[in-house]
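Chain and residue survey
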Amino acid sequence: EIIQERLEREYGLDLLATAPSVEYEVVKHGGEIILVDNPSEMPDPGVIEEIREPWMDITVISPTRYIGTIMDLITNRRGNFDSMDYLDEDRVSLKFGMPLGELIVDFYDQLKSRTQGYASLDYSFRAMVAGDLVKLDVLVNGVPVDALSMIAHREDAYVRGRALVQQLRKLIPRQLFDVPIQAAIGSRIISRE
């Protein structure tokens with residue numbers, strides 16, 4: 001936010017910050033595996049057999065009074081609980097598995113705010129795991145905008161698409177004619193403003 005503010009103020013730029021992305025493995029019919037780190041590189045859904053995403057082993061060390069809030073945060077981010085070890089009567093080590101795509105977007109900030117800064121986080125690569133992932137496209141006036149596209153889990157796609165479309169409605173200046181802003185999965189429109 002600080003860098004964005006300085007670039008806008010000092011150089012008069014209008015910046016649009018997009019969400020960070022991770023590299024996915026896309027297995028096509030026939031066994032060919034391609035690496036995709038940008039949603040615009042995603043092949044046609046008809047040729048995709050499965051999409052694999054990187055999963056991480058996560059270790060959180062925290063005071064015991066924050067176990068419930070940490071568990072809530074992890075499960076809301078599609079994480080799986082692995083184990084819990086008490087280091088002493090006041091500290092606990094929690095181990096989870098979680099997709100890297102959920103970890104890199106605001107997870108650390110949420111963890112620190114929910115634990116009043118007491119939790120510490122460590123993570124390492126576990127494996128590439130197949131998931132129910134889809135490409136979420138954003139169309140402005142019927143034209144896809146690649147910079148706003150993202151790869152999301154099918155369960156989260158509607159909520160993310162709806163939030164993005166509502167935010168864009170506020171940001172795009174009003175015109176003398178209708179400018180539809182839509183979120184789509186493939187050819188199916190899931191949200192429109």
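About the cut-offs
- Residues numbered from 1 in each chain as written.
- Predicted model: local features only at pLDDT ≥ 70, side-chain atom pairs only at ≥ 80, totals over all residues.
- Heavy atoms only, no water.
- Patch = residues over 30% accessible without salt bridge, like charges linked within 9 Å, V, L, I, M, F, W, Y side chains within 5 Å.
- Areas by Shrake-Rupley, 256 points an atom, 1.4 Å probe, with all protein chains shown as cover.
- Salt bridge = Lys/Arg side-chain N within 4 Å of Asp/Glu carboxyl O.
- Helix = DSSP H or I, 4+ residues; strand = E, 2+ residues; numbered from the N terminus.
- Buried < 20%, exposed > 50% of the residue type's maximum accessible area, 1.4 Å probe, protein only.
- Phe/Tyr/Trp six-rings, centres within 6.5 Å; stacked < 30°, edge-to-face > 60°.
- Pairing = 2+ DSSP bridges.
- Core = buried A, V, L, I, M, F, W, Y, C linked by side-chain atoms within 4.5 Å.
- Contact = heavy atoms within 4.5 Å.
- pLDDT = per-residue confidence, 0-100.
- Arc of directions from axis to C-beta.
- Axes fitted to C-alpha atoms, helices over the stretch in contact; angles between N-to-C directions.
- Parallel < 35°, antiparallel > 145°, perpendicular 65-115°, else oblique.
- Left-handed = near helix turned anticlockwise from the far one by under 90°.
- Nonpolar A, V, L, I, M, F, W, Y, C, P; charged D, E, K, R; others polar.

Comments concerning a nonpolar patch on the surface
A cluster of nonpolar side chains, namely Ile 3, Leu 7, Tyr 11, Leu 13 and Leu 15, defines an oily patch on the protein surface of about 490 Å² accessible area. Along the chain, Ile 3 falls in helix α1 (residues 2-11). Of the residues examined, Ile 3 reaches a relative accessible area of 65% and is grouped as exposed.

A closer look at the packing of aromatic side chains
Under the counting rule described, the total for this entry stands at two aromatic pairs. Judged by centre distance (6.4 Å) and plane angle (20 degrees), the ring pair of Tyr 66 and Tyr 118 falls under stacked. You can see Tyr 66 sitting in the loop between β3 (48-63) and α2 (67-76) and its partner Tyr 118 sitting in the loop between α4 (107-114) and β6 (120-131), a full 52 residues away along the chain. Classification of Tyr 66 as buried rests on a relative accessible area of 8%. On the numbers, 5.7 Å between centres and 65 degrees between planes, the contact of Phe 81 with Phe 96 is edge-to-face.

Observations concerning the pairing of strand β4 (residues 80-86)
Two elements, β4 and strand β5 (residues 91-99), share six bridges in a ladder whose sense is antiparallel. Across the sheet, Asp 85 pairs through a bridge with Ser 93, a residue of β5. What sits between β4 and β5 in their antiparallel hairpin is a turn of four residues.

What to know about the nonpolar core
Ranked by size, the top nonpolar core spans 26 residues in total, and within it Ile 51, Ile 58, Ile 70, Leu 103, Phe 107 and Leu 111 carry the most contacts. Elements supplying a minimum of two residues to this core: β1 (24-28), β3, α2, β5, α3 (100-103) and α4. In contact with Ile 70, other than residues within four places in its own chain, are Val 60, Ser 62, Leu 94, Phe 96, Leu 111 and Thr 115. Core analysis: the next-biggest nonpolar cluster, separate from the first, contains 13 residues, Leu 136, Val 165, Ala 183 and Ile 190 among them.

Some points on the confidence of the model for the protein
Looking at the protein, pLDDT values average 88 and 99% of them are 70 or higher. Mean pLDDT across the secondary structure elements of the protein bottoms out at strand β8 (residues 143-144), with 86, and peaks at β5, with 94.

Brief notes about α2
By the burial criterion, the buried members of α2 are Ile 67, Ile 70, Leu 73 and Ile 74. End-on, the buried residues of α2 take up no more than an arc of 130 degrees, which puts them together on one face. Facing away from the buried side of α2 by over 90 degrees, the exposed positions are Gly 68, Thr 75 and Asn 76. Among the structural elements, β3, β4, β5 and α4 are those in contact with the buried residues of α2.

Regarding the pattern of salt bridges
Overall, the coordinates contain 16 salt bridges when judged by the stated rule. Taking the shortest distance from any N to any O, the salt bridge between Arg 91 and Asp 88 comes out at 3.4 Å. It is possible to trace a salt-bridge network through shared partners that takes in Glu 53, Arg 78, Glu 102 and Arg 160.

Quick notes on the side chain of Ser 93
Topologically, Ser 93 is positioned in strand β5. Taking relative accessible area as the criterion, Ser 93 reaches 6% and is therefore assigned buried. Ignoring sequence-local partners within four residues, the contact set of Ser 93 consists of Thr 59, Val 60, Ile 61, Ser 83, Met 84, Asp 85 and Leu 87.

Brief notes about the packing of α2 against α4
Running from amino to carboxyl end, α2 crosses α4 at an angle of 160 degrees, the nearest separation of the two axes being 10 Å. Between α2 and α4, the interaxial angle falls into the category roughly antiparallel. In this structure, α2 meets α4 at a crossing whose hand is right-handed. For the pair formed by α2 and α4, the contact residues are Thr 69, Ile 70, Asp 72, Leu 73 and Ile 74 on the first element and Phe 107, Gln 110, Leu 111 and Arg 114 on the second. Across the contact of α2 with α4, the residue classes break down as five nonpolar, two polar and two charged.

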